[in-house]
Amino acid sequence: MPKPIREVLTNEALTGATVTVAGWVRTFRNDRFIALNDGSTIHNLQLVLDPEGTPRELVDRITTSAAVKATGELVPSPASGQRVELQVKELIVLGDSDGETYPIQPKKHSLEFLREQAHLRFRTNTFGAVFRIRHQVSFGIHEYFHDNGFFYFHSPIITASDAEGAGEMFRVTTLEDTKGTDPSEDFFERVTNLTVSGQLEAELGATALGRVYTFGPTFRAENSNTARHLAEFWMIEPEIAFADLKDDMDLAEGLCKHLIRRVLEQSADDLAFLDKRYADEEKQKPEAQRSSMGLIERLRFVADNPFERITYTEAIRILQDSKPYKKKKFQFPVEWGRDLQSEHERYLVEKHFNKPVIVTGYPAAIKAFYMRMNGPGDLGHSDQGPTVAAMDVLFPGIGEIIGGSQREERLEQLKERMAAMDIPEKELWWYLDTRKFGTVPHAGFGLGLERFVQFVTGMGNIRDVIPFPRTPGSAEF
Ligand code: 4AD
Ligand code: MG
């Protein structure tokens, strides 16, 4: 097997050795110098051909994105910016690539264009960097939970419940036509859908195994065409028994910081590239919309500083005291009882606190049925109306990146909330059972993987941090 270019470029012991590499041609100059990339690193290896020893018909087949395999001596490079290069002794073309029709030319393409070439966009520096970092984040998630005594718990993809009670689900059926057909004739003999969240099942896991987390795809049929919404996205949902809202916030903050530190360590080269890219993008924006920090600077800042923790009631007060509110610059109303919109979240994070913010104690009426009802003395209790032990983590440039809560562990209160929200008890009998047999305080949250990867990579559109985005009207590839 050929050696990964990442290893060839970093392992000093290989200098002087005969090495075989394989990859895709990025550029080819003067019929002599190939910049080869194999995806293992953002850096290319320079291959130097022997002008005499390379037949013309072989030279002609070395085109952009052709796949080649080469063996030669790894020698110190006289060129600047690279420690070593490969003096090629033998080169074969594994797969030709027609330079005329290959859609991705060695020049800057727009992200919109590359989205239409999603099958090939991984061969660009930007997408190579993004997807190597996505891997580092995913791996870091398992690492963090494993090291903290959590068990990876596989919640089902096909479910009969609507965990969020929001009703934005994709139906799963084997019926030709669902209209007028009794669901009992369907495959599962009932109505089923793709999961919107693994939380309810994770609660079942946590109330036996103690600490669990899910990490899988979730699906929402919400018709939102924004830079932060996907119809299919990956969610991480830890759930901990014997824990309250503060424990939940500590876990969320600890996880985010661990992941950022890990990427800073493991993906320094990719980040350096994205940092520059981010700075170039920011320069295109009007001054007022520019981020106050560079990408890497911001990652370090978030990893090293405590997140701000405020209640929803305080958030409303801050927003009502703000300049954009007074100058009527917000598009949506700010009023106790209404949900915070993205513009409000971003004001709090980017203008007011200038760091991640955790908002707790949202009004009960705008949150899901399973959140614990606050009483006097509970964090986030308000005399303006009933609140629940919810928490949202808001990040600069993104807004909500995590949503979570302490769960309602008291059977009577839970039943009351379900009744108020028209959720039939008989559909969630198994969920209610955990409150009947040894119920305990517990809490958890959901982290949107793509939003987190957006934050770490500085990519403005969520479609550019998942290999094959699923959005309304779009399921190519
Ligand atoms: O706030 P959400 O809807 O919370 C839940 O689903 C809870 N059951 C989580 C829990 O407590 N176990 O979603 C959690 C996170 C959001 O903060 C956001 O990062 C992400 O999931 N998310 C989306 N990401 C991309 N596209 C969408 N359509 C998303 N909807 C939510
Ligand atoms: Mg939410």
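Above this text you will find the structure in question.
In this text, all values refer to a predicted model and were calculated from it rather than measured experimentally.

**Student:** Any chance you could explain the sheet that holds strand 10 (residues 211-219) here in plain terms?
**Tutor:** Either a parallel or an antiparallel arrangement is found when strands of a sheet pair, and the pairing is made through backbone hydrogen bonds. What the eight strands build is an open sheet, ordered 6-10-11-16-15-14-13-12; its pairing is mixed. Of all strands in the sheet, those with a lone pairing partner are strand 6 (151-152) and strand 12 (308-311), marking the two edges. The sheet contact formed by strand 11 (residues 232-241) and strand 16 (residues 442-448) spans five bridges and is antiparallel. Bridged to I236 within strand 16 is L447. Its contacts with the sheet place helix 14 (residues 449-457) against strand 10, strand 11, strand 14 (387-395), strand 15 (399-406) and strand 16, and it is angled at close to 60° to strand 16.

**Student:** For this particular structure, what's the right way to read the sheet that holds strand 7 (residues 158-159)?
**Tutor:** The strand order across the open sheet formed by three strands is 7-9-8, and the pairing between neighbours is antiparallel. If you trace the sheet from one side to the other, it starts and ends with strand 7 and strand 8 (171-172), each paired once. As paired strands, strand 7 and strand 9 (residues 192-194) are joined by two bridges and run antiparallel to one another. The residue bridging T159 from the neighbouring strand is N193, located in strand 9.

**Student:** Got a minute to help me understand helix 8 (residues 295-304) in this structure?
**Tutor:** For an α-helix the count is 3.6 residues per turn, leaving residues at separations of three or four pointing the same way. Taken residue by residue, helix 8 has L295, I296, R298, L299, V302 and A303 as its buried positions. For helix 8, the buried positions fall inside an angular range of 160° around the axis, keeping them on one side.

**Student:** Whenever I open this one, the site of ligand 1 confuses me. Can you help?
**Tutor:** Close to ligand 1 lie 24 residues, the nearest being E164, Q199, R220, E237 and E400. In this structure, a nitrogen atom belonging to ligand 1 sits 2.9 Å away from a main-chain N or O atom of L230. Here a nitrogen atom of ligand 1 and a side-chain polar atom of E237 are 2.7 Å apart. In isolation ligand 1 offers 630 Å² of accessible surface; the protein chains occlude 93% of this area.

**Student:** Just checking my understanding: could you explain the packing of aromatic side chains for this structure?
**Tutor:** Each aromatic ring pair is characterised by the separation of its centres together with the angle its planes make. Tallying each qualifying case throughout the model produces 19 aromatic pairs. A ring pair is formed by W430 and Y431, whose centres lie 6.3 Å apart and whose planes are at 80°; its orientation type is edge-to-face. Ring-pair connections join several aromatic residues into one group, and the members of that group are F122, F127, F131, F468 and F477. Its end group placed over the ring of Y362, K367 keeps NZ or CZ at 4.2 Å from the ring centre.

**Student:** In this structure, what is going on with the nonpolar core? I would like to understand it.
**Tutor:** A general tendency of soluble globular proteins is for nonpolar side chains to be buried together. Counting residues in each nonpolar core, the largest one holds 62 residues, and the members touching the most others are F395 and F452. It is helix 6 (residues 245-266) that contributes the most residues to this core, ten residues altogether. Contacts of F452, omitting those with residues within four sequence positions, involve V137, C256, L259, I260, F395, I401 and L447. Counting 35 residues, the second largest nonpolar core, distinct from the first, contains V196, L340, V349 and L428.

**Student:** What exactly am I supposed to notice about the packing of helix 4 (residues 125-147) against helix 6 here?
**Tutor:** Helix packing geometry: the angle between the two helix axes and the distance between the axes. Closest axis-to-axis distance for the helix 4/helix 6 pair is 9 Å, and the angle between their directions is 135°. Put simply, helix 4 runs oblique to helix 6. The two elements helix 4 and helix 6 meet at a crossing, and its hand is right-handed. For the pair formed by helix 4 and helix 6, the contact residues are I133, Q136, V137, F139, G140, I141, E143, Y144 and F145 on the first element and L251, G254, L255, H258, L259, R262, V263 and Q266 on the second. Broken down by class, the residue content of the contact of helix 4 with helix 6 amounts to ten nonpolar, five polar and two charged.

Cut-offs applied
Residues numbered from 1 in each chain as written. Chains lettered and ligands numbered in written order. Predicted model: local features only at pLDDT ≥ 70, side-chain atom pairs only at ≥ 80, totals over all residues. Heavy atoms only, no water. Pairing = 2+ DSSP bridges. Helix = DSSP H or I, 4+ residues; strand = E, 2+ residues; numbered from the N terminus. Contact = heavy atoms within 4.5 Å. Axes fitted to C-alpha atoms, helices over the stretch in contact; angles between N-to-C directions. Buried < 20%, exposed > 50% of the residue type's maximum accessible area, 1.4 Å probe, protein only. Arc of directions from axis to C-beta. Near = heavy atom within 4 Å. Polar contact = N/O pair within 3.5 Å; in protein donor to acceptor, adjacent residues only side chain to side chain. Areas by Shrake-Rupley, 256 points an atom, 1.4 Å probe, with all protein chains shown as cover. Phe/Tyr/Trp six-rings, centres within 6.5 Å; stacked < 30°, edge-to-face > 60°. Lys NZ or Arg CZ within 6 Å of the ring centre and 35° of its normal. Core = buried A, V, L, I, M, F, W, Y, C linked by side-chain atoms within 4.5 Å. Parallel < 35°, antiparallel > 145°, perpendicular 65-115°, else oblique. Left-handed = near helix turned anticlockwise from the far one by under 90°. Nonpolar A, V, L, I, M, F, W, Y, C, P; charged D, E, K, R; others polar.

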